[in-house]
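The lines below spell out each chain.
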Amino acid sequence: MQEDSKSRSIAQALDGKVVDDSARVAVCIKGSLLGFPATMEAFRPHFPFGVNYYIETGTEYDRKKEGVIEPFQISFRPRIARGFIGAITRLFLFESRGEPVGNKQFENKYISTYNDAQLAERFIRYPGVVESIDNLNKITGFSELVVRAKYGVYLSQTDSFNKLDIDVAREAFKELANLGQVIFDAF
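The present account deals with the structure reproduced in this document. Nothing here was measured: the structure is a model prediction, and the numbers come from that model.

### Some points on the nonpolar core
Within soluble globular proteins, side chains that are nonpolar tend to cluster in buried spots.
So, point 1. With 45 residues, the main nonpolar core has Met40, Tyr53, Phe76, Phe123, Ile133 and Leu145 as its most contacted residues.
So, point 2. No other element matches the 9 residues that helix H7 (residues 166-186) contributes to this core.

Listed below in structure tokens is the structure:
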């Protein structure tokens, strides 16, 4: 029953509701934040399954109307090893070097991949983006963050739904909505 209470609290924070999609996932919460549809899902509520967050910034109808074929996409994973150990880790192929984004401090913290180098650098330089990504990493310890123009923002967190703190979920959604607003307005 703790799961139900937690689900309702998160749904309330999103001005949404708990959705029964038990054929697909054990936990599904839908709502909206800053006018964007927001969803939280967990395949199973217990370890080893994590939680996924989604902020949608575009619809299939809009993408077809605009003729969007391959929108800008960038993804981030936190680096496991940094500094001297990071160089050794990359040397032994345990961790990817990632693609450059024009910000060495950021590149030392995250592994980035993207489909357009100029837009990736522009995205990272956009005011508040690096801070939002850093905040998301501090708040959730995410394993992957994907930002995709005309689609939205996706974050995967390794903590199970049962272990998830409601305030963490609330703050994570706020930061994701901020990134969603950037991708909606400028990309």
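Don't stop here, the text continues.
### Things to note about helix H5 (residues 117-125)
So, point 1. Residues Ala120, Phe123 and Ile124 constitute the buried set of H5. Projection of H5 onto a plane perpendicular to its axis shows the buried side chains occupying an angular sector of 95 degrees, all on one side. In H5, the exposed positions angled more than 90 degrees off the buried face are occupied by Gln118 and Arg125.
So, point 2. Structurally, H5 contributes buried residues whose contacts are with strand S5 (73-78), helix H4 (104-109), strand S6 (110-114), helix H6 (129-140), strand S7 (144-148) and H7.
So, point 3. Sitting at the head of H5, Asp116 places a side-chain oxygen 3.1 Å from the backbone nitrogen of Gln118.

### Notes on the side chain of Ser156
So, point 1. Counting through the fold element by element, Ser156 comes out in strand S8 (residues 152-157).
So, point 2. Taking the relative accessible area as the measure of exposure, Ser156 reaches 14% and is therefore buried.
So, point 3. Those residues in contact with Ser156 that sit more than four places away from it in its chain are Val51, Asn52, Phe142, Ser143 and Glu144.

What counts and how
- Residues numbered from 1 in each chain as written.
- Predicted model: local features only at pLDDT ≥ 70, side-chain atom pairs only at ≥ 80, totals over all residues.
- Heavy atoms only, no water.
- Core = buried A, V, L, I, M, F, W, Y, C linked by side-chain atoms within 4.5 Å.
- Buried < 20%, exposed > 50% of the residue type's maximum accessible area, 1.4 Å probe, protein only.
- Helix = DSSP H or I, 4+ residues; strand = E, 2+ residues; numbered from the N terminus.
- Arc of directions from axis to C-beta.
- Contact = heavy atoms within 4.5 Å.
- Polar contact = N/O pair within 3.5 Å; in protein donor to acceptor, adjacent residues only side chain to side chain.

Take it as geometry only, folks, not as evidence of what the structure does.
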